[in-house]
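Each chain, written out:
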Amino acid sequence: AVLERRLQWIREERRRSFCPELADALFAEDERVVAIDLERRRVLQDAAIPAEEKARRLEALDARLPEPVREARRRASAPARVAREVETLRAAGASDAEVFAARERAFGTEAAERLALLDRERAAFDEKLAAFVAERERLLADPSLPEPERAAQAEALLEARFTESERIRVRALDAAQAASR
């Protein structure tokens, strides 16, 4: 309601500052987009609306947007949409080639190749991290070493296995895991 009142106040101020015809020529499309976005927000926040009905209403609201706005939003949401599609494909057991094809359709060959390379780099890091964590856990559980020695050897293991930037990432992952416990 506050946002709607603000939009109404802005509309009135614009029409007072400019003649109504000029204000409409300059701002009508923007005001229409904001009004649609406010309605979209109401639909999203209404817990009483079933998911299928919400989806239908949101689609109808999107259809009312000007084409350039719809296209800009479609392009802006493509990475998230394709990421969800890839996640679904992988959960269904899709091959790397199927994932590549989905990305290629959405972004082109060059981008799909870069994303495939990123996947390989992430997988290699995850493998490296898993091996490090397993070895570190064995080291930290070794009762024959005093606690300060275990901590020092764990740190040395981290230093030996990872680059400086990777160590920052490993420490951040450790901190996030510790915080979630």
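For the structure itself, look to the data block above.
Predicted model, so just to flag it, every value in this text is computed and none were measured.

Colleague: Sorry if this is basic, but what is going on with the overall build of the protein here?
Modeller: Broken down by element type, the protein carries eight helices and zero strands. Listed by position from the N terminus, the elements making up the protein come as α-α-α-α-α-α-α-α. Taken against the 2.2 N^0.38 rule, which gives 16 Å for 181 residues, the C-alpha radius of gyration of the protein at 26 Å runs more than 25% over that of a compact globule. With respect to the three principal axes, the spread of C-alpha positions in the protein is 85 × 40 × 35 Å. Counting all 181 residues of the protein, 22% fall into the buried class. Within the structure as shown, the protein displays about 12700 Å² of accessible surface, and the carbon and sulfur contribution to it stands at 56%. Counting 35 positive and 38 negative side-chain charges, the protein places the averaged centre of each group 4 Å from the other.

Colleague: Hey, could you run me through a nonpolar patch on the surface in this one?
Modeller: The grouping of Phe18, Leu22 and Leu26 at the surface amounts to a nonpolar patch, some 250 Å² of accessible area in total. Its location among the elements puts Leu26 in helix α2 (residues 20–45).

Colleague: What exactly am I supposed to notice about the pattern of salt bridges here?
Modeller: Pairs can form between side chains of opposite charge once their charged atoms are near each other. Enumeration according to the criterion identifies 25 salt bridges in this entry. Among the salt bridges present, the one from Arg11 reaches Glu31, with a minimum N-O distance of 3.1 Å. In this pair, Arg11 sits in helix α1 (residues 2–17) while Glu31 sits in helix α2, placing the two residues 20 residues apart along the sequence. For Glu31, a relative accessible area of 5% corresponds to the buried category. Close ionic contact of Glu155 with Arg171 constitutes a salt bridge, the shortest N to O distance being 2.3 Å. Residue Glu155 is found in helix α7 (residues 147–161), and its partner Arg171 is found in helix α8 (residues 164–180); the two are separated by 16 residues along the sequence. Among the ionic contacts, a cluster of salt bridges with common partners joins Arg11, Arg14, Arg15, Asp24 and Glu31.

Colleague: Looking at this model, I keep getting lost on the packing of aromatic side chains. Mind explaining?
Modeller: Within a pair of aromatic rings, the relevant descriptors are the distance that separates the centres and the angle that separates the planes. According to the stated counting rule, one finds three aromatic pairs in the structure shown. Sitting above the plane of the Phe125 ring, Arg169 keeps its charged end 3.8 Å from the centroid.

Colleague: Which parts of the structure should I look at to understand helix α6 (residues 109–140)?
Modeller: Side chains of residues three or four places apart in an α-helix project in the same direction, reflecting 3.6 residues per turn. Taking 1.5 Å of rise per residue, 32 residues should cover 46 Å, and α6 covers 46 Å from first to last C-alpha, within 8% of that figure. Those residues of α6 that are buried are in contact with α4 (67–91), α5 (96–107), α7 and α8.

Colleague: Would you take a moment to explain the nonpolar core for this structure?
Modeller: Within soluble globular proteins, side chains that are nonpolar generally end up buried alongside one another. If you look at the biggest cluster of nonpolar residues, it comprises eight residues: Val33, Ile36, Val43, Ile49, Leu58, Leu61, Leu65 and Val69. Where this core is concerned, the elements lending two or more residues are α2 and α3 (51–64). Of all the elements, α2 adds the most residues to this core, at three residues. The residues touching Val33, leaving out its near neighbours within four places in the chain, are Leu65, Pro66, Val69 and Arg73. Counting seven residues, the second largest nonpolar core, distinct from the first, contains Leu157, Leu158, Phe162 and Val170.

Colleague: For this particular structure, what's the right way to read the environment of Arg136?
Modeller: The topology assignment puts Arg136 in helix α6. Note: C-alpha distance between Arg136 and Leu157 (21 residues apart in sequence) is 7.5 Å.

So, how was this worked out
Residues numbered from 1 in each chain as written. Predicted model: local features only at pLDDT ≥ 70, side-chain atom pairs only at ≥ 80, totals over all residues. Heavy atoms only, no water. Helix = DSSP H or I, 4+ residues; strand = E, 2+ residues; numbered from the N terminus. Rg over C-alpha atoms; globule rule 2.2 N^0.38 Å. Buried < 20%, exposed > 50% of the residue type's maximum accessible area, 1.4 Å probe, protein only. Areas by Shrake-Rupley, 256 points an atom, 1.4 Å probe, with all protein chains shown as cover. Lys, Arg positive; Asp, Glu negative; His and termini not counted. Charge placed at Lys NZ, Arg CZ, Asp CG, Glu CD. Patch = residues over 30% accessible without salt bridge, like charges linked within 9 Å, V, L, I, M, F, W, Y side chains within 5 Å. Salt bridge = Lys/Arg side-chain N within 4 Å of Asp/Glu carboxyl O. Phe/Tyr/Trp six-rings, centres within 6.5 Å; stacked < 30°, edge-to-face > 60°. Lys NZ or Arg CZ within 6 Å of the ring centre and 35° of its normal. Expected span 1.5 Å × (residues − 1). Contact = heavy atoms within 4.5 Å. Core = buried A, V, L, I, M, F, W, Y, C linked by side-chain atoms within 4.5 Å.

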